[in-house]
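For reference, the chains in residue letters:
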Amino acid sequence: MGSLLQTSVFFCLSVGFLCLPENSDASAFTGNDLPAQCQFVFRNVCFEFVRGSETWSQARSSCAIRGGDLLKVMNIPIKMFLKNITREGNISNFTWWLGEGVQGQHQEPTLRNAEVSKENCTYIKFDPFQLILSPDCNHRRGFLCTHNELSASNTKSTMVSRHATRLRPKRSSLSDMLSSVANIDKLLVAAEEELRRMETTVDEPTQDNRDNFIRYLLLGATKLLDDSFLPDNDTIIKIIKCSSGILFLSINKCDIEDNPNPTSLFEDVFEIFRIVSELVGLKYQKQVIFRHPKGTIYQSTHTPEDLGNAVLGSEQDGIFIKLPSFSALKGQLGQYDRITVQMATFLRNPHPSDSVQISGTVCSLLLSNKKSEIKLSNLSDMIEIFISHPNASRPTNSTIVLEKNTKVLTKINVTDPDVTICLTVEPNANVSLVLRLSEGLPPNDTYFSNTTNLSLTGGYRWMITPEMYNNSLGIWYIESELVNSSWEQGLELRINSFMAKCVYWDIKKETWSTDGCKVGDKSTPEQTQCLCNHLTLFGSSFFVMPNYIDLSRTAQLFSTVSENFVVLALLCAFFGLYLVTLLWACYADRRSRSKRKMTLLEDNHPGAQYNYLIGVQTGHRKNAGTTANVTVKLTGSDGESDTHVLTDPDKPVFERGAVDMFMLATPFPLGEVRNLRLQHDNSGGRPSWYINKVTVQDLQTRQVFHFFCHCWLSDDHGDNMTKKTFNAAKNNEVTSFRNIFQTRTSTGFRDEHIWVSVVDPPSRSPFTRAQRVSCCMSLLLCTMAINIAFWNIPIKEDSPIVFEFGSMQITWQELMVGVQSGLLMFPINILIITIFRSIKPRVISKSQKGDSEENFRPPPINLPSILKETEEVISMISISPRNMMSEVHRLESTSDLRYALDMVHDFIQLMQGESESAPHWVYCSKFLLAGLCHLLMCLEKLDERNFPSPQEYQQTLNITNVLVRKAEMVFSSHLAYCPPPVKKRKKTPTFWLPWWCVFLGWFLLLSISGISTFFTLLYGLEYGKDKSIKWVMSLGLSLFQSIFILQPLKVIGIAVFFALLLKPVAVEESEEIEQLKLEQQIKCGRYSGRPTL
């Protein structure tokens, strides 16, 4: 033991990947002592990169001999120039000494006990660009030499060509490594060159090249050990870096999935680490602590007697090994004089496996003499291995009051057949307990598989080994009760449990095994004690027992409601508030249902069949709605519409925050809608109107025109105007970030924010207020259930901090709890909300409303009405300049009617003469045909006494009949040869669920609400009154966070996402629009007497 107490020499290395800064080469870059022809010139200064293998002092002298100086100035222009140079060649693969005037920005790691210079030197690396201050000025690398006052003959160009520094692909250096095994310096130079080649070559390292690289490096290191050659610190560092480099390349190669590394890779590289530690031990003759990238190696040399009861490793770090007494070791170690002990720890599992999850540190122990490894197996006394779990969670402590003549039942879910269950049942008094173990069902006096007695003398811990539960998976019960002790008032049992498993790496089977190892009774949640009778690579696994609710105690817990009514009172308050809110929501839904309908304008001409959908959005400002009569007129590139009154006899329009939809019909396409005129008559009690925006959608081409108004139409607000004309927004205005963000944010808070949307949801959303209120209640109950389930989990004090802002910190454990809570809560609630949002609205047809053919009453027919309707048809056709028809004066007599029919005949001839058909002529001829059919139908019903003579009546009737046939021919001709209208690409249609899916949504909602309520109440009763009060306080903070932080952030995030994508809000496409179009067609059929027109 004396040697273990000697002062240790700490051999600490900061090992990275070799192929970056620490490389060197034997050949100069230019091939001569002087720059015969400079390749890199900047501001009349030649920059010469000399690839060599020189110390800093040698580099300075060599540069002076070449007539220059090491680079002494490093400013921004020079940095930019050097960065551009490195893009043209492989200069970035090397490091270069710089002069005294350049100050390093990064500190190079140091090597303790190494021979370093007193002054620091600076070198440069390019990938990434860094100036590094090194304490080791004796390291060999290339240098950057500068030459001033260049002549023209020495200057090749101010910039290198793309082929100036491009080198040929390098050959493999493995053959050089093989030939240099006996010379460690040459071997390391070849190894460095091979690592550089592997790093820059596709599909490297291959399996053969990797194995040969490790084998040659291992041979070179072994030869040093066999020859007892003590290398310098620089050689030791290079060996470690070459080993780490090949390991790094192998782990991170691109085809790791298709060409995995062998499981022996780690052992092969670790063998090099082990040999290096032996070399260090030979050099310093003391205990050595050797730290490498994957862990730590503790090495020392002892006599066999000293190893008895020796402690190897670091008790302070929590991972160490206690050997048994010398009497147990003597039979296998007594014949040796000196024994080298190497204990290695690994920060991560070197052999990850899907079947065995290793948590915590992994360690190994190796004994050897100078010639071979010493095997230890089948020891009479166990080796104690203590393995730490730095990130382990503390087990849950449950304190239960043990009533008189009662038992405590503990439920454990065993998911691994090889774990040992460490159960502690500690009373607050000196009593004895009997514990029984059973599978599947709670134990009793006759049914149990194992039992034990616990007392103060023997301790209150029971180690339940895999043999006790027969390696059987599933639910196991442990019953605890008093035995040979009298019950006392206030007796409590503090119960905690955790699972642990000890495994070792079986080299032959290449798998983790538990043979010869078991968990010791000194194990804690933070540290596992493994007892093994052999030496190998050891690991352990640790599990924290989850919180659970014993459903068999449900009746018992509910019987304590009178003592702990906190959670029950909270649930009753929430349900009472829900019922009141639900009644209000149902009343509000009934009122808003009538406002959701689209309106077919009553003043649409029956024969007009070209339809536009107008969406008018009233603002949310105070008193933004209006009681006045509003009119609209559309002006397009091919004509304009009549002035229409926007009103609906079945519902109020233009209320504050409302979106009203109207279908306007015109006799022909207006082309590109450019202007929109809005006007109201200033009538009613509140005529002032604040209009946000208007959208006009061409239902034939699905083209949408946006009009951003954002103004008052009022004689006492804004600019005191009740009539305004608005221009259509340009495409860049519609897709601007500001417009989309404002629109998405506004609609998002009214629709996506589940809490706020209850008050004012979108008027046309199928997601009703009652459904939104119920979804809020379901979300609240889920939040309560998950919050209370995770509320009492133990806190990992060493959990890493993910986010820190001032005094607020978010640890990794809190983040993971949040993720798990979200995965439990949000999927089912999002599914319910999606179902309600996606249910197809049930559109009520006109036949259900009583507006059927039987209730339709045609207006009375007389000559003045015929003249007026004929005048209206001609007037609407003449609006379009393309029709070249003059306006008709007021028709007052039958002679005026004859004149009007002549104008119609001329227009029909005009349409016949159009060689190319177009949608304009199709809809104009259809409108004219409907008007002539209506005129013919009225003339046939009109009494001939309304005309001056029967002959004139018959002549007018005949002319009308001829015009009908001609108009029908023109319409058929244009319809047959008209190209289909140019439509915008139709987006993927919205997915609608059938209306009966609403019952599925309600079933899921009620089910999840009921389950959440049950478990919330059960957890609250389990916690007790005091803990329940604390939980209620934390719940309030959680709800505040959800309503006022998370939900608004979600809405804003979605708005920003769509705004960045420049995706405007989708336009209307619904079954209700098709019904409005059908209603207009029915009106046309009644008007013309031809239902199929």
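Residues numbered from 1 in each chain as written. Predicted model: local features only at pLDDT ≥ 70, side-chain atom pairs only at ≥ 80, totals over all residues. Heavy atoms only, no water.

## Overview of the state of the cysteines
What the rule picks out here adds up to four disulfides. Shown here is the disulfide that connects C502 with C530, its sulfur atoms set 2.0 Å apart. Handedness here is read from the sign of the S-S torsion; for C502 and C530, about -85 degrees, the answer is left-handed. On the criterion of sequence distance, the pair formed by C502 in strand β25 (residues 492–506) and C530 in strand β28 (residues 527–532) is long-range, its members being 28 residues apart. You can see C776 has no disulfide; the closest cysteine sulfur is in C775, sitting 7.2 Å from it. The thiol of C1084 is not disulfide-bonded; the next cysteine sulfur, from C933, is found 8.8 Å away. (Disulfide = S-S within 2.5 Å. Helix = DSSP H or I, 4+ residues; strand = E, 2+ residues; numbered from the N terminus.)

## Brief notes about empty space enclosed by the protein
Taken as a whole and assessed by the stated rule, the structure comprises two cavities of 30 Å³ or more. Within this model, the largest cavity holds a volume of roughly 110 Å³. Taken together, 13 residues make up the lining of the largest cavity; nearest its centre are E869, T870, V873, G931 and L935. Elements supplying a minimum of two residues to the lining of the largest cavity: α16 (863–878) and α18 (919–941). Top contributing element to the lining of the largest cavity by residue count: α18, with six residues. For the lining of the largest cavity, the per-class residue count stands at nine nonpolar, three polar and one charged. Taken as a whole, the second largest cavity spans an internal volume of roughly 70 Å³. Taken together, E640, S641, D642, H644, A665, T666, P667, F668, L670, M876 and I879 make up the full set of residues lining the second largest cavity. Along the lines of polarity and charge, the residues of the lining of the second largest cavity split into six nonpolar, three polar and two charged. (1 Å grid on protein atoms, 1.4 Å probe; cavity = no way out; pocket = protein on both sides within 12 Å on 5 of 7 lines; lining within 4 Å. Points joined across faces, edges and corners; volume = space filled by probe spheres on them. Nonpolar A, V, L, I, M, F, W, Y, C, P; charged D, E, K, R; others polar.)

## What about the packing of helix α10 (residues 566–593) against helix α20 (residues 997–1023)?
Viewed as axis vectors pointing N to C, α10 and α20 meet at an angle of 150 degrees, and their least axial separation amounts to 9 Å. Judged by the inter-axis angle, α10 sits roughly antiparallel to α20. Mapping the contact onto sequence places V567, L568, L571 and F575 in α10 and T1013, T1016, L1017 and G1020 in α20. For the contact of α10 with α20, the residue count by class is five nonpolar, three polar and no charged. (Axes fitted to C-alpha atoms, helices over the stretch in contact; angles between N-to-C directions. Parallel < 35°, antiparallel > 145°, perpendicular 65-115°, else oblique. Contact = heavy atoms within 4.5 Å.)

## Topic: the sheet that holds strand β19 (residues 408–414)
Within a beta sheet, neighbouring strands are joined by backbone hydrogen bonds and run either parallel or antiparallel to one another. The four strands lie next to each other as β19-β24-β21-β22, forming an open sheet whose pairing is antiparallel. Unpaired on one side and paired on the other, β19 and β22 (450–454) mark the two borders of the sheet. This sheet shows a mean twist of 20 degrees between the axes of neighbouring strands, independent of strand direction. (Pairing = 2+ DSSP bridges.)

## With respect to the pairing of strand β35 (residues 659–666)
Counted residue by residue, β35 has seven buried out of eight residues, so it is predominantly covered. Pairing of strand β30 (residues 599–600) with β35 involves two bridges; the strand directions are parallel. Note that in β35 the partner of L600 across the bridge is M663. Where strand β31 (residues 610–618) and β35 come together, eight bridges link them in antiparallel fashion. Residue N611 lies in a different strand from β35, and its bridge partner there is A665. (Buried < 20%, exposed > 50% of the residue type's maximum accessible area, 1.4 Å probe, protein only.)

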